[in-house]
Amino acid sequence: MRFITCRPQSSEVLNRFFDDDLLSQLAKENPWSMALDVIEEKDQYVLKADLPGIKKEDIKVTLEDNILTVQAERQAETETQDKQFHRIERSYGRYQRSLNLGAKVDAGKIRANYKDGVLELIVPKSEEVKPKSVEVHVE
């Protein structure tokens, strides 16, 4: 079996890279998604989600059946008086990320902070899944 590789000429690559129609198409095909970090510590999980341009009141966090869901909505500009839009590439609308935490958590003690477009969730593990040490005395 033989594979043939076709590579475009470098000028063709640059032309395609800076092609406005191609950039617009890529922006439509790959809408904004919520970047999420999950850090597990001994007694809790720390989640950090990037939510640039989202108002605090447009964020909703739920926990159901050990699945944590973060929902956010970015509003589109509706005021168009005296404005002429030449390009709109930023995504607007409702976005959602869900993840199974894999362990029971204490839902009543979840804390959330939102600052500079970053949502930080502190999700304490339930007492039954926290590591416990038992001292054994050997005689």
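Further up the page is the structure itself.
Presented here is an overview of the structure given in this document.

Cut-offs and rules
As a convention, each chain's residues are numbered from 1 in the sequence order in which they are written. Totals for whole chains, interfaces and linings use every residue, but because this is a predicted model, local features are given only for residues with pLDDT of at least 70 and side-chain atom pairs only at 80 or more, for both listing and counting. Hydrogens and water molecules were not included; the side-chain quantities draw on all heavy atoms of the structure. Between Lys or Arg on one side and Asp or Glu on the other, a salt bridge is scored when a side-chain nitrogen of the former is within 4 Å of a carboxyl oxygen of the latter. Each helix corresponds to a stretch of at least 4 residues labelled H or I by DSSP, and each strand to a stretch of at least 2 residues labelled E; elements are numbered beginning at the N terminus. Exposure is judged per residue with a 1.4 Å probe applied to protein chains only, and the accessible area is read against the type maximum: over 50% gives exposed, under 20% gives buried, and values in between give partly exposed. Pairs of strands are assigned from DSSP output, requiring at least two bridges between the strands. In this analysis an axis means a line fitted to C-alpha atoms, helices contributing only their contacting stretch, and an angle means the value between N-to-C directions, from 0 to 180 degrees. We call two N or O atoms a polar contact when they sit within 3.5 Å, provided that within protein one can donate a hydrogen and the other can accept it, with sequence-adjacent residues counted only if both atoms are side-chain atoms.

Throughout the structure, instances matching the rule amount to four salt bridges. Here Glu-120 and Lys-48 are joined by a salt bridge, their closest N and O atoms 3.9 Å apart. Within this pair, whereas Glu-120 is found in strand E7 (residues 118-124), its partner Lys-48 is found in strand E2 (residues 44-50), the two being separated by 72 residues in sequence. The exposure class of Glu-120 is partly exposed, given its relative accessible area of 24%. For Lys-48, a relative accessible area of 33% gives the class partly exposed. A salt bridge links Lys-109 to Asp-106; the shortest N-O distance between them is 3.8 Å. Exposure remark for Lys-109: the relative accessible area of 51% places this residue in the exposed category.

With that settled, the discussion passes to the sheet that holds E7. Overall, antiparallel pairing links the four strands, which are arranged E1-E2-E7-E6 in an open sheet. With partners counted over all chains shown, the strands left at the sheet margins are strand E1 (36-40) and strand E6 (111-115), one partner each. Strand-to-strand twist in this sheet, taken as the mean axis angle between neighbours without regard to direction, amounts to 15°.

Once that is clear, we can look at the side chain of Lys-125. Mapped onto the secondary structure, Lys-125 falls in the segment after E7. Reaching out from Lys-125, the side chain makes a polar contact with the side chain of Glu-40 at a distance of 2.6 Å. Within polar-contact distance, the side chain of Lys-125 engages the backbone oxygen of Glu-41 at 3.2 Å.

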